[in-house]
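Chains, contacts and geometry: an overview
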Amino acid sequence: MSVTTRVDALRILGLNANASMDDIKNAYKSLSKKYHPDVMGENYTDMFARINEAYDFLNNNPISSGRKVLGNDEKAMVRYASRRTNRDTLKRREFKEKQRKREKEEELRKAAIEARRKKEEEKRIREEAEAEAQRQIKAMEMAIVISKMLGNE
């Protein structure tokens, strides 16, 4: 018996029509181990060959669109395309929301850094002003002491 359709190949591997390539690979591995002639004997050689043929068919004919599964059923194709479009739109929205969130977080981070920098700058200016005021006070005190020493009270 030759495998001619995806449905036949999936049925041989015990999978449903929406099986992924990972599901197919896992089913193939487990069935080929189970029905290998070295394990089960020569009685299961045909079953082992059918499993290999189904797996080869699925590997050489990967599904690329709904047309291969749905055939010519136009209503099913419209439903398939609609679901796919909705899913893609939702994924795009989620991606854009994540991107906006990252951009906003980056803006907030930059604003926090800028605020910290301004605060440090203001603190430095205030400290310099206080130091200058202290120097001026000392200079005035020195001027008073010198004036007293010279007798110019």
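Residues numbered from 1 in each chain as written. Predicted model: local features only at pLDDT ≥ 70, side-chain atom pairs only at ≥ 80, totals over all residues. Heavy atoms only, no water.

**Concerning the packing of aromatic side chains**
Under the definition given, this model contains 1 aromatic pair. With a centroid separation of 4.0 Å and an interplanar angle of 10 degrees, the aromatic rings of Tyr28 and Tyr55 are classed as stacked. Of this pair, Tyr28 sits in helix α2 (residues 21–34) while Tyr55 is found in helix α4 (residues 45–60), placing the two residues 27 residues apart along the sequence. Classification of Tyr55 by relative accessible area gives buried; the value is 14%. (Phe/Tyr/Trp six-rings, centres within 6.5 Å; stacked < 30°, edge-to-face > 60°. Helix = DSSP H or I, 4+ residues; strand = E, 2+ residues; numbered from the N terminus. Buried < 20%, exposed > 50% of the residue type's maximum accessible area, 1.4 Å probe, protein only.)

**A short note on α2**
The end-to-end C-alpha separation of α2 is 20 Å, in line with the 20 Å expected for 14 residues at 1.5 Å each. Within the span of α2, buried status applies to Ile24, Ala27, Leu31 and Ser32. Projection of α2 onto a plane perpendicular to its axis shows the buried side chains occupying an angular sector of 120 degrees, all on one side. In α2, the exposed positions that point more than 90 degrees away from the buried face belong to Asp22 and Lys33. (Expected span 1.5 Å × (residues − 1). Arc of directions from axis to C-beta.)

**Notes on the nonpolar core**
Counting 15 residues, the largest nonpolar core has Val3, Ala9, Leu13, Ile24, Ile51, Ala54 and Leu58 as its most contacted members. Put simply, the parts of the chain that give this core at least two residues each are α1 (6–13), α2 and α4. Counting residues per element, this core draws most heavily on α4, at 5 residues. Among all residues touching Ile24, those that are not within four sequence positions of it are Arg6, Leu10, Leu13, Leu15, Ala19, Tyr55 and Leu58. (Core = buried A, V, L, I, M, F, W, Y, C linked by side-chain atoms within 4.5 Å. Contact = heavy atoms within 4.5 Å.)

**Thoughts on the confidence of the model for the chain**
Looking at the chain as a whole, the pLDDT averages 82, with 82% of positions reaching at least 70. Across the chain, the secondary-structure element scoring lowest on mean pLDDT is helix α5 (residues 66–70), at 48, and the one scoring highest is α2, at 88. Taken together, the stretch residues 64–68 has pLDDT below 50 and engages in 9 contacts with residues farther than four places along the chain or on a different chain. (pLDDT = per-residue confidence, 0-100.)

**Considerations on α4**
The terminal C-alpha atoms of α4, which comprises 16 residues, lie 22 Å apart, in line with the 22 Å expected from a rise of 1.5 Å per residue. Taken together, the buried positions of α4 are Phe48, Ile51, Asn52, Ala54, Tyr55, Phe57 and Leu58. Elements in contact with the buried residues of α4: α1, α2 and α3 (37–40).

**A word on the pattern of salt bridges**
Tallied over the entire structure, the rule returns 6 salt bridges. One salt bridge in this structure joins Arg11 and Asp8, with 3.6 Å as the shortest N-O distance. With Arg11 and Asp8 both in helix α1, this residue pair falls 3 residues apart, about one helical turn. Exposure remark for Arg11: the relative accessible area of 58% places this residue in the exposed category. Between Glu121 and Arg124 there is a salt bridge, with its nearest N and O atoms 2.3 Å apart. Linking Glu121 with Arg124, this pair stays in helix α6 (residues 74–150), spanning 3 residues, or about one helical turn. Given a relative accessible area of 36%, Arg124 falls into the partly exposed group. (Salt bridge = Lys/Arg side-chain N within 4 Å of Asp/Glu carboxyl O.)

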